[in-house]
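# Residue-level structural notes
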Amino acid sequence: MNNNEVLLKIENLRVWFEIRKRMLSQPLYVRAVDGINFELKKGESISLVGESGSGKTTLGKTIIRLYEPTSGKIYFDGIDITNLNSKDLKWYRKETGLIQQDPFGALPSHFTVYRILEEPLLIHKIGTVEERRKRIFKALEDVKLTPVEDFSSKYPHMLSGGQMQRVVIARSLIMRPKLIIADEPVSMLDASVRIEILDLLKELQDKFHMSLIYITHDLATVRMFSNWIFIMYAGNLVERALTNELLNNPLHPYTKALLSAIPDPDPENRKKLREVPPGEPPNLINPPPGCRFAPRCQYAMEICNTEPQEIEVQSKHWVKCWLFNK
Amino acid sequence: MNEVILKLKNFSLSYKTRKGILEAVKNADFELKKGETLAIVGESGCGKSSLARGIMRLFPRNLEKVSGEIYLNGEEILSLDEESYRKNIRWSKISMVFQGAMNSLNPVLKVVYQVAEPLMVHMKIDKETAFKKAKEILSLVGISESFSERYPFELSGGMKQRVVIAMALITNPQIVILDEPTSALDIITQANIMNLLKLLKKEFNLSYIFITHDIATASELADRVAVMYAGEIVEISPAESFYYKPAHGYTMMLLNSVPTLKIDKKLRSIPGTPPSLISPPKACRFHPRCQFVMDICKIKEPPMFKKDEEHFAKCYIGESHE
Ligand SMILES: Nc1ncnc2c1ncn2[C@@H]1O[C@H](COP(=O)(O)OP(=O)(O)OP(=O)(O)O)[C@@H](O)[C@H]1O
Ligand SMILES: Nc1ncnc2c1ncn2[C@@H]1O[C@H](COP(=O)(O)OP(=O)(O)OP(=O)(O)O)[C@@H](O)[C@H]1O
Ligand SMILES: [Mg+2]
Ligand SMILES: [Mg+2]
């Protein structure tokens, strides 16, 4: 297979949620994803990092077409999947997998763990009873839910937070999709299991030549893991670069603030307050007219009231900020 | 700061499962002082949330057995009847921010209503007073009047977490149990919430039990750290000792698996698999995975050794033994 083939191409994607305060009142729009462009090659991975509520989950769910795009295009393997009919959607669902963010809401409460993992195999009519059993047990072992027998007959409410999260991971991997969106897949796991699960994802990714979008706020693990880092703020990608380049040479003021906020384990931390950019992220119903980070940015200038374009500052390093837009 | 507010003695908790009895917490013993934060760290599934919910006496239907003693301000509360516990202790003295709570806010209720609810439901306070109090507490956690009239989907993740913290504070508790309060948030928002928790603690002289799997985040609040493994507290010590002089084999290996961005070290995960809590390993429960394992670890359960001032660990490393 050609390594340089593009698997996913996103063009000017917008996803706006319509909300109404009251019935019949004027609709308002939450601009959760607001003009995003990028490409993902086969076998590559992207870490998508950004503030809570910046639209990462919305972007992920739209890519696998759980949400309808408001405008823009999505191409998968060269095929325009922006508007699929329900038959093609079934095909597309098989090619893609989502590791859902909140495991507490992601698992059907009336199914056992075994049945939860069997479900996708049944839907796509895969294997005999015995083959399915093997595959399910292997999947549980892979995510370290061992001894497997202790877990397979449990219902979700009998699992700890991190155990639920691993069932969600096992379920999405069991079909061996070409593209995985892993939405905070390890947020509830301790450092040790976290490394193992990420290693597993990486191993499967190499073995099956999967592409991966890894949504996370854990910047400390992205280095061992992904090719690219994309930084998202208030519905926009504000910076994109190869992993090491981004970590060593962050350009956007938001990226810098984010990197300096990473806590190091140090008992002195408790004696002082942390320095953080002032203010809250903007309301996406009514975002600031220009750069969306400007109201919190220490470098904000007059011109930041108009929207900066994304520019390629160096080869493969893009940033959406007036400081670099000469 | 030396007054003991909460004390657990031999607290154990088990569940019925199809495969047998699962002992989620075994003989937990610790004290929490007034104004102090005790962090509880440990791998996924080791019993942290079970311990926390156990202190709140919120048990699942398949509870097998709960035993031991819990003292609040010197009074034993595990043997209290449910009626008096509900009236006098839960929420009013000890409250909790549940793991994943910010995602279970009710989407069709205004924020101020959800914050006022504990007062109305648990403490039977009238709606008007409860709403007034809710607005006060919301502004204290940094949510302005106009936002209190909004619905959860209109709030950012950080603001939702503030709401959930407000819900735990509105009843004026002395102890707040925080179960993974920031694991779903980005690091800037996390830092913001940590700042808030620090300020609240000072303002109300709160005691926290802070549950997290995140060693770096634990250092933001912890005065002392308790390490749990397979249902047991295996080490408890002042935060400085935990980070710089860990005494238990598990703690040492755990600290080696923690990534930091600033230091580029080789991360080592702990080999082997998490133990079954239905039939846990004999003697030291960590011995099958421990890189420092000795013969005695496989045959005799280690007692809690005193390693240093206020520093205890259930581990033979550095001890003389036959
Ligand atoms: N169904 C919906 N209707 C209306 N607004 C929504 C809906 N889903 C999400 N939003 C809003 O869209 C914005 C982006 O949400 P999204 O969940 O994509 O953020 P995120 O980056 O994944 O955040 P987090 O890190 O907290 O998971 C938020 O302001 C959110 O409140
Ligand atoms: N109601 C239940 N019935 C049976 N087993 C349960 C029940 N609740 C929890 N368990 C099991 O008890 C053990 C401890 O669970 P607990 O939720 O306390 O772990 P935790 O330390 O909070 O983990 P995490 O960090 O993943 O949240 C786990 O092995 C879990 O599978
Ligand atoms: Mg999300
Ligand atoms: Mg838990």
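Quantities reported herein were computed from a predicted structural model and do not represent experimental measurements. (Residues numbered from 1 in each chain as written. Chains lettered and ligands numbered in written order. Predicted model: local features only at pLDDT ≥ 70, side-chain atom pairs only at ≥ 80, totals over all residues. Heavy atoms only, no water.)

### Considerations on the overall build of chain A
Scanning chain A for helices and strands turns up 11 helices and 12 strands. On C-alpha atoms alone, chain A measures out to a radius of gyration of 21 Å, which is about the 20 Å that the 2.2 N^0.38 rule sets for 326 residues. Counting only C-alpha atoms and orienting by the principal axes, one finds that chain A spans roughly 65 × 55 × 50 Å. Within the structure as shown, chain A displays about 14200 Å² of accessible surface, and the carbon and sulfur contribution to it stands at 51%. (Helix = DSSP H or I, 4+ residues; strand = E, 2+ residues; numbered from the N terminus. Rg over C-alpha atoms; globule rule 2.2 N^0.38 Å. Areas by Shrake-Rupley, 256 points an atom, 1.4 Å probe, with all protein chains shown as cover.)

### What to know about the coordination of the magnesium ion (ligand 3)
All names here are of chain A. Protein-derived ligands of the magnesium ion (ligand 3) are Thr 57 (OG1) and Gln 101 (OE1), with the metal-ligand distances lying across 1.9 to 2.2 Å. Taken together, the residues span a long stretch of sequence, with Thr 57 in helix 1 (residues 56-63) and Gln 101 in the loop between strand 6 (96-99) and helix 3 (103-106) at a distance of 44 residues. For Thr 57, a relative accessible area of 22% corresponds to the partly exposed category. (Donors = N, O, S within 2.8 Å, 3.2 Å for Na, K, Ca; no water. Buried < 20%, exposed > 50% of the residue type's maximum accessible area, 1.4 Å probe, protein only.)

### Let's talk about the interface of chain A and chain B
Facing 62 residues of chain A, the contacting portion of chain B comprises 61 residues. Interface of chain A and chain B: buried area, both sides summed, is about 5300 Å²; carbon and sulfur atoms make up 56% of it. Linking chain A with chain B are five salt bridges, by the criterion used here. The shortest N-O distance in the salt bridge between Arg 274 of chain A and Glu 220 of chain B comes to 2.6 Å. (Contact = heavy atoms within 4.5 Å. Buried area = accessible area lost by both parts, 1.4 Å probe. Salt bridge = Lys/Arg side-chain N within 4 Å of Asp/Glu carboxyl O.)

### Description of the coordination of the magnesium ion (ligand 4)
The protein atoms that coordinate the magnesium ion (ligand 4) are Ser 49 of chain B (OG) and Gln 99 of chain B (OE1), at distances of 2.0 to 2.3 Å. Residue Ser 49 of chain B is found in helix 1 (residues 48-55), and its partner Gln 99 of chain B is found in the loop between strand 6 (94-97) and helix 3 (111-123); the two are separated by 50 residues along the sequence.

### Brief notes about the site of ligand 1
If you check the shell around ligand 1, you find 14 residues, and the closest are Gly 53, Lys 56, Thr 57, Thr 58 and Gln 101 of chain A. Taken together, the residues near ligand 1 originate from chains A and B. Measuring from an oxygen atom of ligand 1, one finds a backbone N or O atom of Gly 53 of chain A at 2.6 Å. Between ligand 1 and Lys 56 of chain A there is a distance of 2.8 Å, counted from an oxygen atom to a side-chain nitrogen or oxygen. Every element with two or more residues in the shell around ligand 1 is listed here: strand 2 (28-41) and helix 1 of chain A. Element by element, the count of residues in the shell around ligand 1 is highest for helix 1 of chain A, at three residues. Its residues assigned to classes, the shell around ligand 1 comprises five nonpolar, seven polar and two charged. (Near = heavy atom within 4 Å. Polar contact = N/O pair within 3.5 Å; in protein donor to acceptor, adjacent residues only side chain to side chain. Nonpolar A, V, L, I, M, F, W, Y, C, P; charged D, E, K, R; others polar.)

### Notes on the confidence of the model for chain B
The predicted coordinates of low-pLDDT regions are not to be read in fine detail. Per-residue pLDDT for chain B has a mean of 92; in total, 97% of the residues score no lower than 70. The ipTM assigned to the predicted complex is 0.85, against a pTM of 0.89. (pLDDT = per-residue confidence, 0-100.)

### Concerning the nonpolar core
Counting residues in hydrophobic clusters, the biggest one holds 104 residues, and the most contacted among them are Leu 6 and Ile 94 of chain B. Element by element, the count of residues in this core is highest for helix 6 (residues 157-169) of chain B, at seven residues. Built from parts of two domains, this core gets at least three residues from each of domain 1 (4-93 + 173-313) and domain 2 (95-172) of chain B. Ile 136, Val 148, Ile 229 and Tyr 254 of chain A belong to the second-largest nonpolar core, a separate cluster that totals 67 residues. (Core = buried A, V, L, I, M, F, W, Y, C linked by side-chain atoms within 4.5 Å. Domains from an automatic or database assignment.)

### Looking at the packing of helix 6 of chain B against helix 7 (residues 187-204) of chain B
Residue and element names in this part refer to chain B. Relative to each other, helix 6 and helix 7 sit at 20°, their axes nearing to 10 Å. Judged on the interaxial angle alone, helix 7 and helix 6 are roughly parallel. In this structure, helix 6 crosses over helix 7, and the sense of that crossing is right-handed. Between helix 6, through Gly 158, Gln 161, Arg 162, Ile 165 and Leu 169, and helix 7, the contact on the second element is made entirely by Thr 189, Asn 192, Ile 193, Leu 196, Leu 197 and Leu 200. Classifying every residue of the contact of helix 6 with helix 7 by side-chain character gives six nonpolar, four polar and one charged. (Axes fitted to C-alpha atoms, helices over the stretch in contact; angles between N-to-C directions. Parallel < 35°, antiparallel > 145°, perpendicular 65-115°, else oblique. Left-handed = near helix turned anticlockwise from the far one by under 90°.)

### Some words on the packing of helix 4 (residues 113-123) of chain A against helix 7 (residues 161-173) of chain A
Helix-helix packing is characterised by the crossing angle of the two axes and by the distance between the axes. All names here are of chain A. Two numbers describe how helix 4 lies on helix 7: the axes approach to 8 Å, and their chain directions differ by 25°. Accordingly, the angle class assigned to the pair helix 4 and helix 7 is roughly parallel. As helix 4 runs across helix 7, the sense of the crossing is right-handed. Contacts from Val 113, Ile 116, Leu 117 and Pro 120 of helix 4 reach helix 7 at Val 167, Ala 170 and Arg 171. Within the contact of helix 4 with helix 7, the residues separate by chemical class into six nonpolar, no polar and one charged.

### A short note on the environment of Ser 152 of chain A
Residue and element names in this part refer to chain A. As for its placement among the helices and strands, Ser 152 is situated in helix 6 (residues 148-152). The sequence separation of Ser 152 and Tyr 114 amounts to 38 residues, and the corresponding C-alpha distance is 4.8 Å. For Ser 152, the residues in contact, after removing those within four places along its chain, are Thr 112, Val 113, Tyr 114, Phe 137 and Leu 140.

### Quick notes on the sheet that holds strand 1 (residues 6-19) of chain A
Residues and elements named next belong to chain A. Across the sheet, which stays open at both edges, the four strands sit in the order 2-1-4-5 with antiparallel pairing between neighbours. Each edge of the open sheet carries a strand with a single partner, namely strand 2 and strand 5 (79-80). Here strand 1 pairs with strand 4 (residues 71-76) via five bridges, running antiparallel. Residue pairing across strands places Lys 9 opposite Tyr 75, the latter belonging to strand 4. Against the sheet, helix 1 touches strand 1, strand 2 and strand 4, its axis set at about 120° to strand 1. (Pairing = 2+ DSSP bridges.)

### Structural notes on the packing of aromatic side chains
All told, the structure shown has 19 aromatic pairs over all chains when counted by the stated rule. A centroid spacing of 5.9 Å and a plane angle of 50° characterise the contact between Trp 16 of chain A and Tyr 29 of chain A, whose relative ring orientation is tilted. Of the two residues, Trp 16 of chain A sits in strand 1 while Tyr 29 of chain A sits in strand 2, which places them 13 residues apart along the sequence. The side chain of Arg 115 of chain A reaches across the aromatic face of Phe 111 of chain A, ending 4.5 Å from its centre. The ring of Phe 147 of chain B has Arg 150 of chain B lying over it, and the distance from NZ or CZ to the ring centre is 4.1 Å. (Phe/Tyr/Trp six-rings, centres within 6.5 Å; stacked < 30°, edge-to-face > 60°. Lys NZ or Arg CZ within 6 Å of the ring centre and 35° of its normal.)

### What about helix 10 (residues 249-256) of chain B?
All names here are of chain B. For helix 10, a buried count of six out of eight residues is recorded, marking the element as mostly surrounded by other parts of the structure. Inspection of helix 10 places Gly 249, Tyr 250, Thr 251, Met 253, Leu 254 and Leu 255 among the buried residues, and these make up the whole buried set. Buried residues along helix 10 sit in contact with strand 3 (37-42), helix 8 (215-218), strand 9 (224-229), strand 10 (232-238) and helix 9 (239-244).

### Comments concerning the site of ligand 2
Within the structure, ligand 2 sits among 24 residues, and Gly 162 and Gln 163 of chain A together with Ser 44, Gly 45 and Ser 50 of chain B are positioned closest to it. Those residues lying near ligand 2 are distributed over chains A and B. Between Ser 160 of chain A and ligand 2, the recorded distance is 2.8 Å, taken from a side-chain N or O atom to an oxygen atom. Taking Gly 161 of chain A, its main chain carries an N or O atom lying 3.3 Å from an oxygen atom of ligand 2. For ligand 2, whose accessible area on its own is 640 Å², the fraction buried by protein is 95%.

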